[in-house]
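Examining the three-dimensional arrangement
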Amino acid sequence: MFADKKNYTTLGMLTRLWTLTGKYRMFIILLLFAACVVSLIEVGYLESIRRLVKGATEAQFSLLYSGLIIGVSIVVLRLIVTAFMTRVETLFQQKTLLSVQSLLLSSFSNTETRDLAHYHTGDLTSRVWTSAKEAQKGINQHGIELAKNIIQLILAFAYFSWVNLPLSLAIIAFTLIYPLVTVGLGKRLQRQHDQLNASAASRDEILTEIIQAPVEIRSYGLAGYVHHQFKGRMDQVFRYTMSVSVLQRLSEAAGRVSTYGGMILILYLGGMQVLNGHMDVGGLAAFLVASSQLTRPIESLSGLWNDFIGSASHASRIFEVLDLERKNTVANTGTNTYVRSDTHLGQLEKQSKPAGINVQHVSYRYAEQEEVLTDISFEAKKGKLTVITGPSGCGKTTLLKLIAGLDTPVTGSIQVMNQKNSLKDMHEVQTANVNQVYVPQQAFIFTGTVEENIIFGQEEISADQVKVAAHMTYAHDAIMRQSLGYGTELQPQGGTMSGGELQRISLARAMLRNPDILLLDEPTSSQDPWHEQRLNDLFARITADEGTTVIAVTHRLSLIERADQVIYIQKGRVEDTGTHRELLDRPNGYRSYIAEQDTGVEEQHE
Ligand SMILES: Nc1ncnc2c1ncn2[C@@H]1O[C@H](COP(=O)(O)OP(=O)(O)OP(=O)(O)O)[C@@H](O)[C@H]1O
């Protein structure tokens, strides 16, 4: 199920984030260097203020002029350095963000489907987008800000100590009250941040559903209902946003108290020094005006803590997903020895095709639930059509996904056999360049043209090859009926093509890859009888002529009858194995299962 949520501290979280994007340390060095320059400039700014105020109060024109020249130079320098820093910061932000997002995306593709199935698309999207961005800010924005403030504080303290050490110590001691107050609010703030992120994810979930199902919403008259649901989630987000804002404002207010309190303290202590003749009025005025350069870094250091807490909360959402992948590499004892490749059409020699698949004592369960597959064993021979059938919910799709390597068996093994039809040479098996394709029941269509959907990321594929594949699966005519033929744009919901047509497009995508092993989940479920028979012919042809090993999950009698071997599953166990004819003659419940399929078909036709 979900990855165990590790109890990282805020700093632990940020450290882990830092190690993820460590290859961009060069940017950090540049930014730290720029932060040092900015801090030095700030000291020049202090000196400019001191000269201007002292010059004015003591009527010293030379001080006024020099203060002005220093001030103008500082402003120009500051502009240049700020422009440089902004560029480097933006670049750094982009690079590290992309790096974390790529990690997350690769984690999605390496995480077993059962684990990802617990997450909503909207939630995962917000983790890749919002959380990755906000978490990254912890390092490349707040982290830099932290370093900048520390350097600034050290330099400002050195400068003020030179001007007036006792007053500087007093003001620092007073300002330190602020972080002590705000750190107390930190834990509460972190909890509120976590809840805010969770409620924002739940809002994104419903938003995705509303956008994905406009037809269903209209046809069921659900506009009011979904609006109500959406509003409910928005209200929840609003409540947590409010709590977070209030807590943040509270700590900011504490900062303001310390600023004003600090000024009063300076005026009081400084006034005493003036009366005792240790300081002149001009010096005190200058100290007061410039003192914010000392107190501001301390305040913003504590404010930064709140920002770190926010980033850490987002970082935990990222790590939760990244840990799913890591968890999977250690959780299962079962094995699956496919090595998949991006082999192109025609590149594979026929004789290199693996000899088949051996499923041995496979058991599987989803998370803590009961076993859905128990001790499944069978062999799918090379160049043969194996059909897996059985009542709804018996575990057919689960088994096919295990064979496809999308999940790993809890126990048992699934192995590709080598040419000698033997499993002895495991090294040979494991390094075999197996070209295997899994076609899910629901055609996956992405935004792009029909041609792009068939090519599906392969390189160096010609338009003719795409057409050959579409002809093979009887998708060509339907494609040509579209306004732009193969150039017609499709959407994830399909656009203007029917469910059956999209299914044939997704099968054409598989054919284009000329697979050694073809795994099909209900490949004809959306087809009319004519297309169903043509596709059945195709599956039989590619097994006999091309030597492709086909394993299909189906309830359709027309495909079951053509199978070289039928694996009949009941309640997660192999009840019997043989040809359709053989199974019908045995006392295994298969005959009544098939009779029910027939009745179902007849009822549908009535
Ligand atoms: N992601 C999941 N998490 C938990 N349980 C699941 C998950 N997917 C499937 N199951 C359960 O596993 C069992 C087998 O499901 P599976 O989809 O493999 O059955 P099936 O034989 O393919 O069914 P059908 O013919 O209806 O498609 C079912 O009881 C189902 O509820």
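Residues numbered from 1 in each chain as written. Predicted model: local features only at pLDDT ≥ 70, side-chain atom pairs only at ≥ 80, totals over all residues. Heavy atoms only, no water.

Close contacts around the ligand come from 13 residues, with S392, G393, K396, T397 and T398 the closest. A distance of 3.1 Å separates an oxygen atom of the ligand from a polar atom in the side chain of H555. Protein burial of the ligand: of its 640 Å² of free accessible surface, 64% is covered by the chains. With three residues, the top contributor of residues to the shell around the ligand is helix 11 (residues 396-403). Looking at the shell around the ligand residue by residue, the classes come out as five nonpolar, seven polar and one charged. (Near = heavy atom within 4 Å. Polar contact = N/O pair within 3.5 Å; in protein donor to acceptor, adjacent residues only side chain to side chain. Areas by Shrake-Rupley, 256 points an atom, 1.4 Å probe, with all protein chains shown as cover. Helix = DSSP H or I, 4+ residues; strand = E, 2+ residues; numbered from the N terminus. Nonpolar A, V, L, I, M, F, W, Y, C, P; charged D, E, K, R; others polar.)

Taken together, the side chains of L68, V72, V75, V76, L79 and I80 make up a nonpolar region of the molecular surface, amounting to roughly 580 Å² of accessible area. Mapped onto the elements of the fold, V72 is located in helix 3 (residues 61-110). (Patch = residues over 30% accessible without salt bridge, like charges linked within 9 Å, V, L, I, M, F, W, Y side chains within 5 Å. Salt bridge = Lys/Arg side-chain N within 4 Å of Asp/Glu carboxyl O.)

Our next topic: helix 1 (residues 10-20). Buried residues of helix 1: T10, M13, L14, R16 and L17, and no others. An end-on view of helix 1 places all buried positions within 160 degrees of arc, on one side of the element. Among the exposed residues of helix 1, those pointing more than 90 degrees away from its buried face are L11 and T19. (Buried < 20%, exposed > 50% of the residue type's maximum accessible area, 1.4 Å probe, protein only. Arc of directions from axis to C-beta.)

Moving on to the nonpolar core. One finds I454, I479, I505, L518 and Y590 to be the most contacted residues of the largest nonpolar core, which totals 44 residues. Sorting elements by how many residues they give to this core places helix 16 (residues 499-512) first, with seven residues. Taken domain by domain, the makeup of this core includes at least three residues from each of domain 2 (335-435 + 515-606) and domain 3 (445-513). Residues within four places of L518 in sequence aside, it is in contact with V437, V439, A510, M511, I542, T548, T549, V550 and I551. (Core = buried A, V, L, I, M, F, W, Y, C linked by side-chain atoms within 4.5 Å. Domains from an automatic or database assignment. Contact = heavy atoms within 4.5 Å.)

Bringing empty space enclosed by the protein into the picture now. The tally for this structure, following the rule as stated, stands at one cavity of 30 Å³ or more. In this structure, the largest cavity encloses a volume near 40 Å³. Lining the largest cavity we find L46, R50, Y159, F160, V163, A286, F287 and A290. For the lining of the largest cavity, the secondary-structure elements that each account for two or more residues are helix 2 (25-57), helix 5 (121-175) and helix 9 (281-290). Looking at side-chain class alone, the lining of the largest cavity contains seven nonpolar, no polar and one charged residues. (1 Å grid on protein atoms, 1.4 Å probe; cavity = no way out; pocket = protein on both sides within 12 Å on 5 of 7 lines; lining within 4 Å. Points joined across faces, edges and corners; volume = space filled by probe spheres on them.)

With that out of the way, let us pick up the pairing of strand 2 (residues 356-365). Burial within strand 2 is extensive, with seven of its 10 residues counted as buried. Where strand 2 and strand 3 (residues 371-381) come together, seven bridges link them in antiparallel fashion. Across the sheet, V362 pairs through a bridge with I376, a residue of strand 3. What sits between the antiparallel neighbours strand 2 and strand 3 is a turn of five residues, in which A367 has the positive phi angle 45 degrees. Of the pairings in the sheet, the one linking strand 2 to strand 5 (residues 411-417) comprises six bridges and is antiparallel in character. Paired with N358 across the strands is Q415, a residue of strand 5. (Pairing = 2+ DSSP bridges.)

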